[in-house]
Every structure is written in structure tokens, then in C-alpha cells.
Amino acid sequence: MSRMGDVLAGFHAAWEFESDSVLIRYERGIRAPKLFQALGERRVPLEAIAGVTLTRGKRGTVVLRVEPRPGADPLMEAAAGQLKENVDPYRLVLPADREVLAEYYADELRGLLTESGPADRFLVKAPEGPLSFKAYDGKATFDGRTVNFRWFWTGASSAKWKAGDQSFSVGELNGVEWRSPEVFEGHLRLLRRDAAVAAPTQADLDPAAVVFGLGYGPVHESLPFAAAVLAAVRTSSPVAAVPAPRRDPADIAERIRHLGELHQAGLVTDEEFSVKKAELLAEL
């Protein structure tokens, strides 16, 4: 840019133009989209940008947008085109009377771009952990190395209760599938490297997936989570699974009680009940 440190402030975000990047600081006010509040700020290297556009927006606004290169940003890769326009982190909405200034910066940026086409690695930093969120059927946590799913007895299917709580090291994974909670059958599914492990079609039956629902797995929580896991997977190599820590006895007792309810309801056979109960007791 012609002047380092220039700042262009719009609705819900401000862009600071630097010699090698654009630093985007998102507004944290209650009117700002929750995804922006969760992201805080992001530095986008110029090598991660494929192009720049300036278009007329709604109700007397103009929109400055940078187009990230495919594969450059784990957040956008995880989103896979499902983000609504108003929460696109690469859009800066400005009053129409700032159109000339926005065009100036758009031209400056275009003159500095040298890369195009898919990136061979992530160039924009992924959201930092530890991260967690509540889905409809369980709680998902990620510490940078391991993804854990802890099932809720009020929402998890009998198939997931039979499988038990799940733990996946990033070395076991090949990717992440995120389906927005704002559409039917939203979910977060972990894709495993082991092709021999066949995943059920329905996410509510897959122990490697959590399902969303009204109020569960909101975009501002589940999408940064998915992006962080995806970034860790891309930089990892397969490693041996870490043994799960011993469970809280009270937690085990609650699971055995719920297993008994499933057994009495006929959702679990006598043999399945005995085997699963023995597995739970062995975790004490």
C-alpha cells in the first residue's frame, strides 16, 4: 500500500492496510454478527487474496470485498459456501459517501496482488483453541490435539450411547464436514483416515458426528471449531490414539442408569446391555 497503517472503518469492522497484509478488526458490540465477535480480528496476507471487488450494497451502502484464494483460509474451507452474506468475514460494508475512498483502496490492493489459483496450504491463521460448543446430542471439545464428544442422555441416539463417548486425535482424521445449523440436518462430522471405518449416512447415528438443532451448535461456535480442527488435521501426521482418561465414577453411574433405561425400553438387547455395562465398569 502507499501508506502503511491506513484504516478504513465500516459497519461492524475496520480494515487496516499494511505492506503485506490486511488486518481486519471486527466489532464486538451487541449489534455485530456473533461470528464477527467470536473472530475478534484476523490478519489476511496479500498472498491469500485472489481478487478485490467493490459493489453497491443495500440501503445506501457500498461493499468492499476481498476474495480469498481457495484453500487459503480454514474458516472458509470449513464453511464450504454456506455462510450468509451478512456474516461473510471478507465483506466490509461502508456508507455510499465513502465509495471514492473505498475504490482507492480497492485499486491499491489490486496492484499488489501477485497470486491466484488454489493455495497449497492455509495462509490465514485458524481460530485458536481450546474450543468447545454444545450440540443437540453432546458436547464437543478440542484442545488442539484431540477432539472429544461427550454425549447428552437427553439428545444422543441409542447408537451413540452404545458406542460411548468418543475421542479422536487429529492424526486419525482426514477432514471435517460442517453443515450449517441454519439448514435442515446441520451437523459436524469428523472424517476419518481409516477408509475401513464406514460412517453411517445419518449424523445422529454416527459416533464421529454431533448434530445441531435450534439453539445448538450455532455458527459462531461450531464453525470456528470446525476450522480449528481442519487446520490441525492438515498439519498433522497419523499418530497412535491416546488412551482415554478414567471417567468420573458419578458419570459412569449415570451412564449405566441411562443404559438400563434403554434396555428396559427394548432399545438395547440383553447381550448389548451386559457388554456395554462391563465396558463402563472397566473405565472406573
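What you see is a predicted model; the values in this text were computed from it and never measured.

1. Side note on helix H7 (residues 270–282)
Over its 13 residues, H7 runs 18 Å from end to end, which matches the ideal 18 Å to within 8%, given 1.5 Å per residue. Turning to H7, its buried residues number three or more, namely Phe273, Lys276 and Leu280. Around the axis of H7, the buried residues are gathered within 80 degrees of arc, so they sit on the same side. In H7, those exposed residues whose orientation departs by more than 90 degrees from the buried face are Asp270, Glu271 and Ala282.

2. Some remarks on the side chain of Asp206
Its location among the elements puts Asp206 in the loop between strand S13 (187–192) and strand S14 (209–211). The class for Asp206 is buried, based on a relative accessible area of 0%. Here Arg189 takes part through its side chain, which lies 2.7 Å from a polar atom of the side chain of Asp206. From its side chain, Asp206 meets the backbone nitrogen of Ala208 in a polar contact 2.9 Å long. For Asp206, the residues in contact, after removing those within four places along its chain, are Lys160, Arg189, Arg192, Ala199 and Pro200.

3. Points about the environment of Arg255
Turning to its location among the elements, Arg255 is positioned in helix H6 (residues 249–264). The exposure class assigned to Arg255 is buried, which follows from its relative accessible area of 7%. A sequence separation of 244 residues divides Arg255 from Phe11, and the C-alpha atoms of the two residues are 48 Å apart. Discounting residues that sit within four places of it in the chain, Arg255 has contacts with Arg150, Trp151, Trp161, Asp165 and Leu280.

4. Here's the deal with the environment of Pro181
Relative to the assigned elements, Pro181 resides in the loop between strand S12 (173–179) and S13. Along the chain, Pro181 and Met76 lie 105 residues apart, while their C-alpha atoms are 16 Å from each other. Not counting residues within four places of it along the chain, the set of residues in contact with Pro181 comprises Gly186, Phe212, Tyr216, Gly217, Pro218, Val219 and Ser222.

5. A closer look at the sheet that holds strand S8 (residues 131–134)
Strands sit in the order S8-S9-S10-S11 across an open sheet of four strands; the sheet is antiparallel. Of all strands in the sheet, those with a lone pairing partner are S8 and strand S11 (166–169), marking the two edges. Strand after strand, the sheet turns through a mean of 10 degrees between neighbouring axes, direction not considered.

6. Remarks on the pairing of S8
Of the strand pairs in this sheet, S8 and strand S9 (residues 138–142) are connected by four bridges, and their pairing is antiparallel. Its bridge partner being in S9, Lys134 is matched across the sheet by Lys139. Remark: three residues form the turn of the hairpin made by S8 and S9, two consecutive strands paired antiparallel.

7. Description of the nonpolar core
Grouped together as the largest cluster of nonpolar side chains are 70 residues, with contacts concentrated most on Leu64, Leu188, Leu190, Leu223 and Val229. At 11 residues, the largest contribution of residues to this core is made by helix H5 (residues 219–234). Leaving out residues up to four positions away in the same chain, Leu188 has contacts with Phe133, Val176, Glu177, Trp178, Ala208, Ala209, Val210, Phe212, Phe225 and Ala226. Residues Ile252, Ile256, Phe273 and Leu280 belong to the second largest nonpolar core, which totals five residues.

8. So, the packing of aromatic side chains
All told, the structure shown has 10 aromatic pairs when counted by the stated rule. Judged by centre distance (6.4 Å) and plane angle (65 degrees), the rings of Trp15 and Phe17 are edge-to-face. Residues Phe149 and Phe168 carry aromatic rings whose centres are separated by 6.1 Å and whose planes lie at 65 degrees to one another, so their mutual orientation is edge-to-face. Taken together, the residues span a long stretch of sequence, with Phe149 in strand S10 (residues 146–151) and Phe168 in strand S11 at a distance of 19 residues. The exposure classification of Phe149 matches that of Phe168, with both residues buried. Through a chain of ring-to-ring contacts, three or more aromatic side chains come together here, namely Trp15, Phe17, Tyr104 and Tyr105.

9. Re the pattern of salt bridges
For the structure on display, the rule yields 18 salt bridges. Measuring nitrogen to oxygen at the nearest pair gives 2.7 Å for the salt bridge that ties Asp88 to Arg65. One end of the pair, Asp88, is in the loop between helix H2 (74–79) and strand S7 (91–95); the other, Arg65, is in strand S6 (residues 61–68), with 23 residues separating them in the sequence. Exposure remark for Asp88: the relative accessible area of 10% places this residue in the buried category. The exposure class of Arg65 is buried, given its relative accessible area of 18%. Here Arg179 and Glu177 are joined by a salt bridge, their closest N and O atoms 3.7 Å apart. Among the residues examined, Arg179 registers a relative accessible area of 32% and is labelled partly exposed. Among the ionic contacts, a cluster of salt bridges with common partners joins Glu177, Arg179, Arg189, Arg192 and Asp206.

What counts, and where the lines are drawn
Residues numbered from 1 in each chain as written. Predicted model: local features only at pLDDT ≥ 70, side-chain atom pairs only at ≥ 80, totals over all residues. Heavy atoms only, no water. Helix = DSSP H or I, 4+ residues; strand = E, 2+ residues; numbered from the N terminus. Expected span 1.5 Å × (residues − 1). Buried < 20%, exposed > 50% of the residue type's maximum accessible area, 1.4 Å probe, protein only. Arc of directions from axis to C-beta. Polar contact = N/O pair within 3.5 Å; in protein donor to acceptor, adjacent residues only side chain to side chain. Contact = heavy atoms within 4.5 Å. Pairing = 2+ DSSP bridges. Axes fitted to C-alpha atoms, helices over the stretch in contact; angles between N-to-C directions. Core = buried A, V, L, I, M, F, W, Y, C linked by side-chain atoms within 4.5 Å. Phe/Tyr/Trp six-rings, centres within 6.5 Å; stacked < 30°, edge-to-face > 60°. Salt bridge = Lys/Arg side-chain N within 4 Å of Asp/Glu carboxyl O.

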